[in-house]
Amino acid sequence: MAKLLYIESSPRKSRSKSIQVANAFLESYKAAHPDDEVVTMDLWEKQLPEFDGYTIDAKYQVLHGQGFDADQAKAWQAIVDVCDEFKSADKYLISLPMWNFGIPYKLKHYIDVIAQPGQTFSFDPEKGYSGLVTGKPAAVIYARGGSYGGDGSGMDHQKPYVEQMLGFFGFTDIHPVVIEPTLAAPDDVSATVAAAIEQAKSVASSL
C-alpha cells in the first residue's frame with residue numbers, strides 16, 4: 001500500500017479550479033489504487049512553524065556541522081517534524097492557483113519550511129547540491145487566470161518555481177496539469193477545465 005500526500009493551497013475551495021481538477025484526480029486515483037492511503041494537507045488549515053531567528057540559526061548550525069542550543073534545538077525539531085511528514089509519502093499531488101504571477105504565500109511558507117539541509121537536500125563542496133527525496137512521482141495542478149505560454153512565459157513564476165524546487169528536492173517524475181485561462185468566457189473556461197480534468201484522470205490512473 002502506497003501513501004499519496006495531497007497538498008492543497010487555494011483558499012477558494014468550491015470556487016477553485018485547481019481544487020476542482022484535483023478532486024477529479026483523487027477520484028480517479030482512488031478508483032485505480034483502492035488500497036492506497038490518501039492524506040490531504042490543506043495549507044490554509046495547517047499550522048506551520050515560523051521561520052524565525054532561532055530556526056535560521058539552527059539551519060546554519062546544520063550547514064556548518066555544529067550543534068544546537070536549547071532554543072535552536074526546539075525550533076529545528078518543529079521543522080524536522082514537518083519535513084518527516086512530507087517525506088513519509090510515496091506519491092504527491094499539489095494543487096495551486098497563480099497569485100501575482102507566483103504562488104500563494106501559504107505554499108511558499110511550506111516550501112521554505114521543508115527546504116532544509118539534511119532533510120530534502122544535501123550539500124557537498126565538491127559535488128554541490130543533491131536532492132534527498134528521490135524515486136517518487138508528483139502531479140502538480142496549476143490554475144492561472146491568464147495564458148502564460150509563448151511570449152507570456154517570462155511572467156510565469158508559478159510553474160517554473162514549483163518544478164525547480166521539486167527538482168531541487170530530488171523529484172524527476174513530475175506530471176503538470178495546467179488550467180488556463182480561468183478568466184476567459186464561461187464556455188471557454190468550462191472547456192478548459194474539462195480538458196484538464198481528463199488529463200488529471202489519466203495521470204492519476206497511472207501514477
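If you're wondering where the values come from, they're calculated on a predicted model, not measured in any experiment.

Q: Which residues make up the nonpolar core, and what values go with them?
A: Counting residues in each nonpolar core, the largest one holds 32 residues, and the members touching the most others are Phe86 and Tyr110. Elements with a minimum of two residues in this core: strand 1 (3–8), helix 3 (70–87), strand 3 (91–97), helix 4 (105–114), strand 6 (137–143) and helix 5 (159–169). Counting 23 residues, the second-largest nonpolar core is a separate cluster that includes Tyr6, Ala22, Ile179 and Val193.

Q: Describe helix 2 (residues 53–63), listing the residues and the values that go with them.
A: Among the residues of helix 2, Thr55, Ala58 and Gln61 are the ones counted as buried. In an axial view of helix 2, the angular spread of the buried residues amounts to 115°, which keeps them on one side of the axis. Buried residues belonging to helix 2 abut helix 3. Looking one or two residues past helix 2, Gly65 carries a phi angle of roughly 65°, positive in sign.

Q: Now, about empty space enclosed by the protein: what can you tell me, with residues and values included?
A: Applying the stated criterion across every chain, the model contains one cavity of 30 Å³ or more. Size it by volume and the largest cavity reaches roughly 90 Å³. Looking at the largest cavity, the residues that line it are Ile7, Phe86, Ile94, Leu107, Tyr110, Ile111, Ile114, Val162, Met165, Leu166 and Phe169. Breaking the lining of the largest cavity down by element, the ones donating at least two residues are helix 4 and helix 5. Its residues placed into classes, the lining of the largest cavity shows eleven nonpolar, no polar and no charged.

Q: Could you give me a rundown of the sheet that holds strand 3, with the residues and numbers involved?
A: Strand order across the open sheet formed by five strands is 2-1-3-6-7, with parallel pairing between neighbours. Edge positions in the open sheet fall to strand 2 (37–42) and strand 7 (173–179), since each of these has one partner strand only. Here the strands of the sheet are splayed against their neighbours by 15° on average, with no regard to which way each runs. Relative to strand 7, strand 6 is paired through seven bridges, and the arrangement is parallel. Note that in strand 7 the partner of Ala143 across the bridge is Ile179. Sitting on the sheet, helix 3 is in contact with strand 1, strand 2 and strand 3, with an inclination near 120° to strand 1.

Q: Please give an account of the layout of surface pockets that cites residues and values.
A: Of the pockets and cavities examined, the largest pocket occupies roughly 220 Å³. What lines the largest pocket is a set of 15 residues, among which Arg12, Lys17, Pro97, Ala143 and Thr182 lie closest to the centre. Here the lining of the largest pocket is built from residues that sort into six nonpolar, five polar and four charged.

Q: Hey, could you go over the packing of helix 2 against helix 3 for me, with residue numbers and the actual values?
A: For the pair helix 2 and helix 3, interaxial distance at closest approach is 8 Å and the crossing angle is 85°. One element, helix 2, and the other, helix 3, form an angle in the roughly perpendicular class. Counted together, Tyr54, Thr55, Asp57, Ala58, Lys59, Gln61 and Val62 of helix 2 and Asp71, Gln72, Ala75, Trp76 and Ile79 of helix 3 form the full contact between these two elements. Among the residues making up the contact of helix 2 with helix 3, the classes are represented as six nonpolar, three polar and three charged.

Q: Talk me through a nonpolar patch on the surface; I want residue IDs and the actual numbers.
A: A cluster of nonpolar side chains, namely Ile56, Tyr60 and Leu63, defines an oily patch on the protein surface of about 270 Å² accessible area. With respect to the helices and strands, Tyr60 occurs in helix 2.

Q: Which residues make up the pattern of salt bridges, and what values do they have?
A: One pass over the structure, following the stated rule, counts eight salt bridges. Ionic pairing is found between Asp42 and Lys13, a salt bridge with its closest N-O pair at 3.0 Å. Remark: Lys13 occurs in the loop between strand 1 and helix 1 (17–32) and Asp42 occurs in strand 2; sequence separation between them is 29 residues.

Rules of the game
Residues numbered from 1 in each chain as written. Predicted model: local features only at pLDDT ≥ 70, side-chain atom pairs only at ≥ 80, totals over all residues. Heavy atoms only, no water. Core = buried A, V, L, I, M, F, W, Y, C linked by side-chain atoms within 4.5 Å. Buried < 20%, exposed > 50% of the residue type's maximum accessible area, 1.4 Å probe, protein only. Helix = DSSP H or I, 4+ residues; strand = E, 2+ residues; numbered from the N terminus. Arc of directions from axis to C-beta. Contact = heavy atoms within 4.5 Å. 1 Å grid on protein atoms, 1.4 Å probe; cavity = no way out; pocket = protein on both sides within 12 Å on 5 of 7 lines; lining within 4 Å. Points joined across faces, edges and corners; volume = space filled by probe spheres on them. Nonpolar A, V, L, I, M, F, W, Y, C, P; charged D, E, K, R; others polar. Pairing = 2+ DSSP bridges. Axes fitted to C-alpha atoms, helices over the stretch in contact; angles between N-to-C directions. Parallel < 35°, antiparallel > 145°, perpendicular 65-115°, else oblique. Patch = residues over 30% accessible without salt bridge, like charges linked within 9 Å, V, L, I, M, F, W, Y side chains within 5 Å. Areas by Shrake-Rupley, 256 points an atom, 1.4 Å probe, with all protein chains shown as cover. Salt bridge = Lys/Arg side-chain N within 4 Å of Asp/Glu carboxyl O.

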